[in-house]
Amino acid sequence: MKDADITPILQKSLDGQDLTVTEIEALLAAEDQNSVARLFEAARTVKTQYFGNKVFLYGFVYFSTHCRNNCSFCFYRSSNTDSVRYRKTDDEILELATSLEDSGVHVIDLTMGEDPLIHNDNHYNRLTDLVKMVNNAVDIPLMVSPGAIPERLFPVLMENGADWIACYQETHNMELFKKLRPDQDYEFRLNQKKWADKYGLLAEEGIMIGVGESVKDRADSIDTMRGLNVNQVRAMSFVPQENTPMSVNSPSPFIEELKAIAVMRLVHPKNLIPASLDVEGVAGLKTRLAAGANVITSIIPPRKGLAGVAQHELDIDDGGRSVEQIEAILDDINVKIADKYEYINLIESWKNSKKAGVSL
Ligand SMILES: C[S@@+](CC[C@H](N)C(=O)[O-])C[C@H]1O[C@@H](n2cnc3c(N)ncnc32)[C@H](O)[C@@H]1O
Ligand SMILES: C[C@H](CCN)[C@@H](N)C(=O)O
Ligand code: SF4
């Protein structure tokens, strides 16, 4: 069957007008090859308008894979005894962060499971100390992906040098959220983005593709993100994990993630949007950039005993996720790695506008 004609919706978006949630859904529902190709083309046009042919690189340091939560989709859920658990020491974390900085990444993403040794009211100092320590050692911005934390920690993390908080809702359908993140509070997790904004931190919001959501759910998420004032938005395909309740779920074809990236680019033109190496490895880089992504995430140094999240081994130890390997691919498609200061200036301008908003 042929899709509804999406030409007027694409044109409306290219003219700089906001799309309705119904229009967002119509774009996400496009199936016809020609329509999908035009969706990607529009996303690239918008990306080039705001970012030229530049991309930013995010170094990923998954420093603790211990977790108290039992998310149905995650390899590191507490009840999975098969998962590889480790906690990196301070010295190891410093070495990882500085070597990533030297390799040319623009930001370090300090990520953890909800490690019970940290996620406990008396122990959050460990997290703030760690952020301070890394911030003193590197000259580039920091993202922290700690899971869901109490409001009082937001200003403290900011004072200690965090620039970003990443915490993905996965879906904005509350019933589905309960299945994906059992025993976790929907509002508390959504508040992470609101608290980041309130205290002047930048935030990343995200959804998973292929976890039982409808196309309308995806559209609702992309629409809801407009109200959160976040500066980075992501869509990441669900990758089934051994020994988890969702191990037998069939994932969506990757084209669904690519369409979500493209629609996110149209609806959130000025935002950063990741092409994560954690789904298809380096093999998935070009298609994600061609769909409108402008940030490469999950860059991981080889042979340091580090894991990915959705793909815990793919392309890591052979150096496939290193800046060197990525450079070769980018050369091929005439994409340039942005200068460190282009990134710093961009995020400082966002942080300053938040400050101005607060003092109004
Ligand atoms: C491992 S968590 C790290 C931070 C923290 N533990 C949390 O959950 O917010 C980061 C994200 O990885 C993604 N993720 C986890 N397992 C995945 C899987 N099997 N497939 C795709 N994405 C996955 C989810 O979007 C999750 O929010
Ligand atoms: C999901 C992770 C990011 C956490 N902030 C990482 N594996 C990624 O794909 O960028
Ligand atoms: S997604 Fe995060 S919170 Fe959930 S089980 Fe995995 S590491 Fe823990």
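Residues numbered from 1 in each chain as written. Chains lettered and ligands numbered in written order. Predicted model: local features only at pLDDT ≥ 70, side-chain atom pairs only at ≥ 80, totals over all residues. Heavy atoms only, no water.

Caption draft 1: Quick look at the site of ligand 3. All residues adjacent to ligand 3 are Tyr62, Cys67, Asn69, Cys71, Phe73, Cys74, Arg77, Gly113 and Arg181. Among the cavities detected, the one that contains ligand 3 is the largest cavity. Broken down by class, the residue content of the shell around ligand 3 amounts to five nonpolar, two polar and two charged. (Near = heavy atom within 4 Å. 1 Å grid on protein atoms, 1.4 Å probe; cavity = no way out; pocket = protein on both sides within 12 Å on 5 of 7 lines; lining within 4 Å. Sits in = over half its atoms within 2 Å of the grid points. Nonpolar A, V, L, I, M, F, W, Y, C, P; charged D, E, K, R; others polar.)

Caption draft 2: Representation of the UniProt feature "binding site: (3R)-3-methyl-D-ornithine" (unreviewed entry) in the protein within the structure. UniProt records the feature "binding site: (3R)-3-methyl-D-ornithine" (unreviewed entry) for Asp109, Ser145, Tyr168, Arg234, Ser276, Thr297 and Ser298 in the present numbering. Those annotated residues that line the largest cavity are Asp109, Ser145, Tyr168, Arg234, Ser276, Thr297 and Ser298. Its place among the elements puts Asp109 in strand β2 (residues 107-112). In this view, Asp109 contacts Gly59, Phe60, Val61, Met143, Val144 and Ser145; residues no more than four positions away in its chain are not counted. Along the chain, Tyr168 turns up in the loop between β4 (164-166) and α7 (174-180). Here Tyr168 is in contact with Arg181, Arg189, Lys193, Glu204, Glu205, Gly206 and Arg234, once residues within four sequence places are set aside. (UniProt positions renumbered as here; feature names shortened; annotations may be inferred. Helix = DSSP H or I, 4+ residues; strand = E, 2+ residues; numbered from the N terminus. Contact = heavy atoms within 4.5 Å.)

Caption draft 3: Geometry of the nonpolar core. Grouped together as the largest cluster of nonpolar side chains are 99 residues, with contacts concentrated most on Leu27, Leu39, Ile108, Leu110, Leu285, Ile296 and Ile299. Considering each element in turn, this core owes the most residues, eight residues, to helix α10 (residues 254-267). Core analysis: the second largest hydrophobic core is formed by 15 residues, Tyr58, Leu202, Leu272 and Tyr343 among them. (Core = buried A, V, L, I, M, F, W, Y, C linked by side-chain atoms within 4.5 Å. Buried < 20%, exposed > 50% of the residue type's maximum accessible area, 1.4 Å probe, protein only.)

Caption draft 4: View of the pattern of salt bridges. Enumeration over the complete set of coordinates arrives at 25 salt bridges. Salt-bridge contacts for Arg218 lead to Glu256; the nearest nitrogen and oxygen are separated by 2.7 Å. Of this pair, Arg218 sits in helix α9 (residues 215-224) while Glu256 sits in helix α10, placing them 38 residues apart in sequence. For the pair Arg218 and Glu256, one class covers both residues: buried. A salt bridge links Lys259 to Glu256, with the shortest nitrogen-to-oxygen separation between them at 3.3 Å. Taken together, the residues span about one helical turn, with Lys259 and Glu256 both in helix α10 at a distance of three residues. Each member of the pair, Lys259 together with Glu256, is buried. What you see here is one network of salt bridges that share partners, running through Glu213, Arg218, Glu256 and Lys259. (Salt bridge = Lys/Arg side-chain N within 4 Å of Asp/Glu carboxyl O.)

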